[in-house]
4 protein chains.
Amino acid sequence: MLFEPQTAELRPLLRALDEFVREELYPLERPFLDHDFDVLLPAIEEKRRLAKSLGFWLPQIAAEHGGMGLSLFEHGLVSEVLGRTPLGHYALNCQAPDAGNMEILIEYGTPEQQERFLRPLLAGEVRSCFSMTEPDNPGSNPTWLSTTATKDGDDYVVSGHKWFSTGADGAAFAIVMAVTDPAASRYQRASMIIVPADTPGFHIVRNTSVMGERGQGWASHAEIRYDDCRVPQGNRLGAEGMGFVIAQQRLGPGRIHHCMRWIGICERAFDLMCRHAALRQIAPGRALAEMGQVQAWVAESRAEIDAARLLVLQTAQQIDREGAHAARDGISLIKFHVAGVLQDVLDRAIQVHGAMGMTDETPLAFWYRHERAARIYDGPDEVHKWSVAKRILGRYAS
Amino acid sequence: MLFEPQTAELRPLLRALDEFVREELYPLERPFLDHDFDVLLPAIEEKRRLAKSLGFWLPQIAAEHGGMGLSLFEHGLVSEVLGRTPLGHYALNCQAPDAGNMEILIEYGTPEQQERFLRPLLAGEVRSCFSMTEPDNPGSNPTWLSTTATKDGDDYVVSGHKWFSTGADGAAFAIVMAVTDPAASRYQRASMIIVPADTPGFHIVRNTSVMGERGQGWASHAEIRYDDCRVPQGNRLGAEGMGFVIAQQRLGPGRIHHCMRWIGICERAFDLMCRHAALRQIAPGRALAEMGQVQAWVAESRAEIDAARLLVLQTAQQIDREGAHAARDGISLIKFHVAGVLQDVLDRAIQVHGAMGMTDETPLAFWYRHERAARIYDGPDEVHKWSVAKRILGRYAS
Amino acid sequence: MLFEPQTAELRPLLRALDEFVREELYPLERPFLDHDFDVLLPAIEEKRRLAKSLGFWLPQIAAEHGGMGLSLFEHGLVSEVLGRTPLGHYALNCQAPDAGNMEILIEYGTPEQQERFLRPLLAGEVRSCFSMTEPDNPGSNPTWLSTTATKDGDDYVVSGHKWFSTGADGAAFAIVMAVTDPAASRYQRASMIIVPADTPGFHIVRNTSVMGERGQGWASHAEIRYDDCRVPQGNRLGAEGMGFVIAQQRLGPGRIHHCMRWIGICERAFDLMCRHAALRQIAPGRALAEMGQVQAWVAESRAEIDAARLLVLQTAQQIDREGAHAARDGISLIKFHVAGVLQDVLDRAIQVHGAMGMTDETPLAFWYRHERAARIYDGPDEVHKWSVAKRILGRYAS
Amino acid sequence: MLFEPQTAELRPLLRALDEFVREELYPLERPFLDHDFDVLLPAIEEKRRLAKSLGFWLPQIAAEHGGMGLSLFEHGLVSEVLGRTPLGHYALNCQAPDAGNMEILIEYGTPEQQERFLRPLLAGEVRSCFSMTEPDNPGSNPTWLSTTATKDGDDYVVSGHKWFSTGADGAAFAIVMAVTDPAASRYQRASMIIVPADTPGFHIVRNTSVMGERGQGWASHAEIRYDDCRVPQGNRLGAEGMGFVIAQQRLGPGRIHHCMRWIGICERAFDLMCRHAALRQIAPGRALAEMGQVQAWVAESRAEIDAARLLVLQTAQQIDREGAHAARDGISLIKFHVAGVLQDVLDRAIQVHGAMGMTDETPLAFWYRHERAARIYDGPDEVHKWSVAKRILGRYAS
């Protein structure tokens, strides 16, 4: 009811999407959890084509680039629907890390870069990856990088070691964060360089085993060695030294994308929890739903999800109106707050399911293990708390 | 920024109120915490007169009754400002339990009742109390009452034992919940009867000692014996047996009033916490604000308050638009959720203040001990969780 | 230092075991996390032979049966050491579910049953499984079973559907909980029947996919159909209708075995957390260990593990002295309490490791996902809380 | 059952003490909560005389000084019994701050000091206070002090501002922490000086209002100004500059005394919670004890208290055997851990009592508000976590 004026006209779209997600994507969940990603790829690609034919494609991308042109606020509502299933965003080609890469290619890409890298990405013909985190340096301190891009003639020679490059397996290119000027000030040291996957020296060491799974294709996190990868200087995004500025711009909305998706996961987990509690009998004629502890979890989860959702939507609205910089407190707040709600809701939903909650009969166990990373990726909780608190407390110190 | 269209025109009022609260009421806090209420009364009454003269009076009451005619949503924003100090609502004559009593007298009072009881209440000439909770019956089960009102000629004879009748000490009258028909169905058993304090048999046993304080006047919670109090049947509010319907109607918005006030308390506690952390040195030149744990509390509190606040405002808006019945899930959710946030924020603010947090140098310790009741009064957490979960789970059971 | 008199003479054994675990088993962890269990089996079996040759074998089994004859209290201390690695208990042939099966075969097995089933189990020549949980009935209510064992001539015909039969894949036999007399009182309805895996009608439907892994061999949880499995009545353990009595006897110490193992996991997680925090730099020259939040987690974990450990040891001591029935409150208390500590400690250890905590570079992610079940198996938290509270509160009611 | 050998011979004493506490002290609770301390003093002093006549006096003081000569471990068990009521320790003359003052007077006092100050303290003829915390300096950093003791002839002239000097109101003397050599190294800067209350310049500004109460006599926390208080140098305890060493020695066991007392409070709160839950009806014939949430609190509290208690006893045992320095990790761990358990248990007990939990009908509300300080006094949680973690992590850093 809140936001009603803003959401009224979006409602038919949300309803149609909801049906698409339930009818077309839910049936893919068990196969997705059971099989290697590539085995499932043909079926998923068919859903993508169907989505595209229904006009569900690139929701957050401007119409001029072939997207639906939604505001961040509107995309938030869409993301809630898509987030209910692990393949939702992929089906509309707005999955991480490609969505973020599209955004910076649109913002900073030269016409040549856009033609070569952005166009096929938007079309869903290729995938990409974002190569920033390094195994030997803490992700919590993004200015501390060992990977370098050294100028040599008209080229950069990229050299370094990355991991957690999501979806690198099978990607057409990587956007690599590399130090271009070690002598520059901390935030101007690095640039973003596009490295096509067929560049000599681009070497996927392995897909890292994460929570017991190496994964495959989009559903994987690669460790990559860049062994003197030579690419033209024209592959740099933006001006030299702008790496952090672009990263910040990419990560701000990226974080909110995650939060929106997490709200969708919460809603699905809540729905599964309630359904199971209402239908599962703990004694003949006595439903699990009658247990006081289960009732408490249902009520607490409902309150926490509703409150978190409003905070996410408010932040999205602020970004739409005032930009990501003005909303940076809000972005940090929702990043850790919603991740915490997500973890609690998933934990309760699993507990309500008992042994079944441990199995892959539902997507709960998948989210439980893989979204544990929600409190880590794109800045661990502690870093966001520190950064927002520092700004708040700074205002009192003067 | 959210709700901006709705709040824009309210902003000048909120700013003026904020100034009133800081300039006029903050200085009364230390005396309020240090002295019996009656000692302070003259000073407080002066602030009331000043507030009234500034047009700050009865914010939630319709203009035709001399109030500011704010919607519940608008009153929520006002309450946030007033809630920052323990005397805020009193200063504008919108304190519990009088505010709720005004509302039911407006809704259900006959012209005679309004003239005799409502008018002086609105004018701030008298105070009232609401006499529902009984020491021998659980407040969590409001249908279980021992107090009776027996018809005798044209009168009711009210007989029973109540406690936690807030502000009964010095009140002009009590609105008493009493069983009028023990044989009726559970929710039609009781009626609300106005019992003037000078009725023979109206006996304040004592002000109950609550968290070490018996209190006085408005700031007290009385134990009352109704020993065959004879009042005319014309003192009944609404039709016979409507007690619960009226109570429900009174408590719904009453709960949201509390939540709005709690958000105000949270904001004040947050402000005190940040200020102390920023200014307190834990070693020469090293502020408390530099401690990671303090930063985490600041960030977590900010996120929790912001999210809870939006949930309260959304619920207020829903009540304004659709009525309290439609919003009853939301009312239950915010009742326990915001009470929980309140307790956590107060706890952190006290911990940051160290020994000073235990003292009455700030209002934190007052709220810490007295607002522990936030999780109990108007329905303990557990009852609200149970009732909202039952409705949610019921939808899945069919 | 507490328990010193009791532990002094055990110390050389614990030290030797500790060395065995570090030197021989830690190196198997990465392969274990990376490969199917059967691939690793030869290497594991070699460690088993080594352990046996060192006298580390069947710690909790009486010497007359070839074990080390430790008391439960002593086994607790051994379990702490073994629990530090996922293969610790397996290496000494005291892993679930075989350990529990050995215990009931010793207690209730006829000489024939012991010769045929117990002897090879003790020798480590075969594995077994325990088949109790049913997909269609809640594990939290163990008296509600659909599997039946019907007498037919000298045989039982076992028919039913089970899941979470750990280690059924490759097991030589199952101990099956089945209803032998549906008309009997609730706790005398069922019996335990030994069903060899080569019995016609014994059908492993699949290893259930648990947290993304179907597993293999011992490291799996099977769904089993018993399609009219005919076994001699001589395969019944104990008298007819004693199923629950035996289950209770099996599960009591079984629960404490788990708790002891969890303490070992906690210690390892604590060790990994501290090591990583001390060595990981978050900025040049600045270790993660300097962060206030990390310090808080270290201190809180230390206190929680130490306190939980003492509670486990006290309970073990009580079982040794007074039997499992007298200690049933303590058993329930540690079951949920230690499981909660385990989950919190693992969560913090992962958070401290950042992205690496999500990977299988350490055993943390393995425990995080699979020991989520600690709060579910052998009675979910809620059931243990309910059962112990009922007993405590019952004493006040009279 | 644990510690049985150690506790067996103490059991008759504990049983007798338990009876004394229930019969003699419980009846004083309501008056204590209702009246100024001095009003109650005659009744309390009578109980003291009775306790003394029964041999219950100075449990932790050596027999040569007229005490019962219990080890710290034994005193822990006694403290659990005494802690069940707010007057327990006072009745046996082992209340803070006098107990700690006795200990340092025994350890460091000259014969003259012992004769003049210690003897009447042990006899219960006078009370004392410990004057360390300063309003302008953080209690968390005890080396940062502004109060000075300047030598002048044979005297010290003590000058400064203290607060939270518990029991200063009516005390015969204060032990004051004051800087004697500002130029010395941080931990050798201060000394402890005995300042009799009748010294000119000793000025109790006020009893600080703590949680709404200024209190009186022993039950108060004074703000004191030392305006050039001249005392002989012979009033210094120990050598000059030993202030911190003595404070540390005083606070170590002092912290464990608190923890033991808190366990007693927990046990009483648990008992009150269970009793109320079992007897309170929430509907006719339906006890509060049947609610799942109440059962969960009972079980969780039982587990947490039991585990915390063992940790306290283990630490006491270690101090007895190896001294406070060797046990300093344990002391820090229990200080914050038990304080946390205490707060949670009190919170649950109040919630179970509903409105009555807010009143002074039980001692719960007293403890809830005043023992909030448990997480602050003698070192806030954060300082203890930091200090123990630093030591643990330091071992990994090398």
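**Q** Tell me what's going on with the overall build of chain A, and back it up with residues and numbers.
**A** Each helix and strand counted, chain A has 13 helices and eleven strands in total. Its C-alpha radius of gyration of 21 Å places chain A within 12% of the 21 Å reference for a compact globule of 398 residues. Taken over the C-alpha atoms alone, chain A extends approximately 80 × 60 × 40 Å along its principal axes. In chain A, buried positions account for 59% of the 398 residues. For chain A, contacts bridging at least 24 residues in sequence account for 72% of all contacts bridging at least 6.

**Q** Pulling in residues and values, what's your account of the relation of the copies chain C and chain D?
**A** Mapping chain C onto chain D calls for a rotation angle of 180 degrees and an axial translation of 0.0 Å; the resulting RMSD is 0.0 Å. Classification of the inter-copy transformation places it as that of a two-fold axis. By C-alpha distance to the rotation axis, the residue of chain C lying nearest is Ala307 of chain C, at 2.4 Å.

**Q** Mind laying out the interface of chain B and chain A, listing which residues take part and the relevant values?
**A** Between chain B and chain A, the residue contacts involve 36 residues of the former and 36 residues of the latter. For the side of chain B that touches chain A, the leading source of residues is helix α9 (residues 292–322) of chain B, giving 17 residues. For the side of chain B that touches chain A, the per-class residue count stands at 23 nonpolar, six polar and seven charged.

**Q** Provide a residue-level description of the nonpolar core, including the pertinent values.
**A** Grouped together as the largest cluster of nonpolar side chains are 288 residues, with contacts concentrated most on Val312 of chain A, Val312 of chain B, Val312 of chain C together with Val312 of chain D. Every residue in contact with Val312 of chain C, bar those within four places of it in the chain, is listed here: Gly76, Ile256, Cys259, Met260, Ile263, Ile334 and Val338 of chain C.

**Q** How would you sum up unusual backbone geometry? Please name residues and give values.
**A** Put simply, Ala96 of chain A and Pro97 of chain A share a cis peptide bond, and its omega is 0 degrees. Assignment of secondary structure puts Pro97 of chain A in the loop between α5 (88–91) and α6 (98–108). Phi angles above zero are rare outside glycine, and Asp378 of chain C is one such case at about 55 degrees. Topologically, Asp378 of chain C is positioned in the loop between α12 (364–370) and α13 (381–397). With 23 C-beta atoms counted inside 10 Å, the residue Asp378 of chain C sits in the buried group. Its identity is not glycine, yet Leu58 of chain D carries a phi of approximately 50 degrees, on the positive side. For Leu58 of chain D, the position within the fold is in the loop between α3 (37–53) and α4 (72–82). The class of Leu58 of chain D is buried, set by 24 C-beta atoms lying within 10 Å.

**Q** Now, about the interface of chain C and chain D: what can you tell me, with residues and values included?
**A** Between chain C and chain D, the residue contacts involve 36 residues of the former and 36 residues of the latter. Taken together, the elements giving at least two residues each to the side of chain C that touches chain D come down to α8 (243–279), α9 (292–322), α10 (328–353) and α13 of chain C. With 17 residues, α9 of chain C is the largest single contributor of residues to the side of chain C that touches chain D. Of the residues that constitute the side of chain C that touches chain D, the class distribution is 23 nonpolar, six polar and seven charged.

**Q** Which residues make up the relation of the copies chain B and chain A, and what values go with them?
**A** Between chain B and chain A, which share one sequence, the superposing operator has a rotation angle of 180 degrees and an axial displacement of 0.0 Å; the RMSD is 0.0 Å. The overlap is high: 100% of the interface residues of chain B also sit at the interface in chain A, so the same surface is used on both sides.

**Q** Report on the pairing of strand β5 (residues 190–196) of chain A, specifying residues and quantitative values.
**A** All names here are of chain A. Among the seven residues in β5, six count as buried, and that is most of the element. Of the strand pairs in this sheet, strand β4 (residues 173–179) and β5 are connected by seven bridges, and their pairing is antiparallel. Across the sheet, the residue bridging to Val176 is Ile193, located in β5. Strand direction decides the pairing type here: β5 and strand β9 (residues 236–237), joined by two bridges, are antiparallel. Paired with Ile193 across the bridge in β9 is Arg236.

**Q** Just give me the short version of helix α2 (residues 11–34) of chain C, but keep the residues and values in it.
**A** Residues and elements named next belong to chain C. Over its 24 residues, α2 runs 34 Å from end to end, which matches the ideal 34 Å to within 8%, given 1.5 Å per residue. A maximum bend of about 40 degrees is found in α2 at Leu25, where proline Pro27 lies one to four positions downstream. Of the positions making up α2, those classed as buried are Leu17, Phe20, Val21, Leu25 and Phe32. Of the surrounding secondary structure, the elements contacted by the buried residues of α2 are α3 (37–53), α4 (72–82) and α5 (88–91).

**Q** I'd like a description of the domain arrangement of chain A, backed by residues and values.
**A** Residue and element names in this part refer to chain A. Along its sequence, chain A is carved into domain 1 (4–102), domain 2 (128–237) and domain 3 (245–397). Contacts between the two partners involve eleven residues from domain 1 and, on the opposite side, eleven residues from domain 2. Mapped by element, the contributors of at least two residues to the side of domain 1 that touches domain 2 are α3 (37–53) and α6. In terms of residue class, the side of domain 1 that touches domain 2 is built from five nonpolar, three polar and three charged.

**Q** Which residues make up the environment of Lys47 of chain A, and what are the values?
**A** All names here are of chain A. Here Lys47 is to be found in helix α3. Of the residues examined, Lys47 has 18 C-beta atoms within 10 Å and is grouped as partly exposed. Sequence spacing of Lys47 and Leu87 is 40 residues, and the spatial spacing of their C-alpha atoms is 9.9 Å. Non-local contacts of Lys47, meaning those with residues more than four positions away in its chain, are made with Glu24, Leu25, Leu28 and Ala91.

**Q** Which residues make up the environment of Gln351 of chain C, and what are the values?
**A** If you trace the backbone, Gln351 of chain C turns up in helix α10. As for Gln351 of chain C and Ser128 of chain C, which are separated by 223 residues in sequence, their C-alpha atoms are 37 Å apart.

**Q** Please set out the packing of helix α2 (residues 11–34) of chain D against α4 of chain D residue by residue, giving values where relevant.
**A** All names here are of chain D. In contact at an axis separation of 9 Å, α2 and α4 are set at 20 degrees when each is read in the N-to-C sense. Taken together, the axis directions place α2 and α4 in an arrangement best described as roughly parallel. The hand of the α2/α4 crossing is right-handed. Touching Leu14, Leu17, Asp18 and Val21 of α2 are Leu77, Val78, Val81 and Leu82, all from α4.

**Q** For the pairing of strand β2 (residues 148–152) of chain D, give the residues involved together with the corresponding values.
**A** All names here are of chain D. In the sheet, β2 pairs with strand β3 (residues 155–166) via five bridges, with the strands oriented antiparallel. The partner of Lys151 across the bridge, within β3, is Tyr156. Counting the residues that bridge the hairpin from β2 to β3 gives two residues, and of these Gly153 lies at a positive phi of roughly 65 degrees.

**Q** Tell me about the packing of helix α8 (residues 243–279) of chain B against helix α10 (residues 328–353) of chain B, and name the residues and values.
**A** All names here are of chain B. In contact at an axis separation of 9 Å, α8 and α10 are set at 20 degrees when each is read in the N-to-C sense. Judged on the interaxial angle alone, α10 and α8 are roughly parallel. Along this stretch, α8 crosses α10, giving a crossing that reads as left-handed. Of the residues assigned to the contact of α8 with α10, the class counts are 21 nonpolar, three polar and four charged.

**Q** Account for the confidence of the model for chain A, with residues named and values stated.
**A** Per-chain confidence: chain A averages 95 in pLDDT, with 98% of residues scoring 70 or above. Across the assembled chains, the prediction reports ipTM 0.96 with pTM 0.97.

**Q** Just give me the short version of the environment of Val195 of chain A, but keep the residues and values in it.
**A** Residue and element names in this part refer to chain A. Locating Val195 in the fold gives a position in strand β5. When the C-alpha atoms of Val195 and Glu74 are compared, they prove to be 33 Å apart, with 121 residues separating the residues in sequence. Ignoring sequence-local partners within four residues, the contact set of Val195 consists of Val158, Phe173, Ala174, Val176, Phe202, Tyr226, Cys229 and Val231.

**Q** Mind laying out helix α13 (residues 381–397) of chain D, listing which residues take part and the relevant values?
**A** Between its first and last C-alpha atoms α13 of chain D spans 24 Å; for 17 residues at 1.5 Å apiece the expected length is 24 Å, and the two agree. Restricting attention to buried positions, one finds in α13 of chain D the residues Asp381, Glu382, Val383, His384, Lys385, Trp386, Val388, Ala389, Ile392 and Leu393 of chain D. Here the buried face of α13 of chain D lies against α9 of chain B, α8 and α9 of chain C together with α10 (328–353) of chain D.

Scoring rules and cut-offs
- Residues numbered from 1 in each chain as written.
- Chains lettered and ligands numbered in written order.
- Predicted model: local features only at pLDDT ≥ 70, side-chain atom pairs only at ≥ 80, totals over all residues.
- Helix = DSSP H or I, 4+ residues; strand = E, 2+ residues; numbered from the N terminus.
- Rg over C-alpha atoms; globule rule 2.2 N^0.38 Å.
- Buried ≥ 20, exposed ≤ 12 C-beta atoms within 10 Å, placed from the backbone.
- Contact = placed C-beta atoms within 7 Å.
- Least-squares fit on C-alpha atoms with pLDDT ≥ 70 in both.
- Nonpolar A, V, L, I, M, F, W, Y, C, P; charged D, E, K, R; others polar.
- Core = buried A, V, L, I, M, F, W, Y, C linked by C-beta atoms within 7 Å.
- Pairing = 2+ DSSP bridges.
- Expected span 1.5 Å × (residues − 1).
- Bend = angle between axes of the 7 residues up to and from the residue.
- Domains from an automatic or database assignment.
- Axes fitted to C-alpha atoms, helices over the stretch in contact; angles between N-to-C directions.
- Parallel < 35°, antiparallel > 145°, perpendicular 65-115°, else oblique.
- Left-handed = near helix turned anticlockwise from the far one by under 90°.
- pLDDT = per-residue confidence, 0-100.

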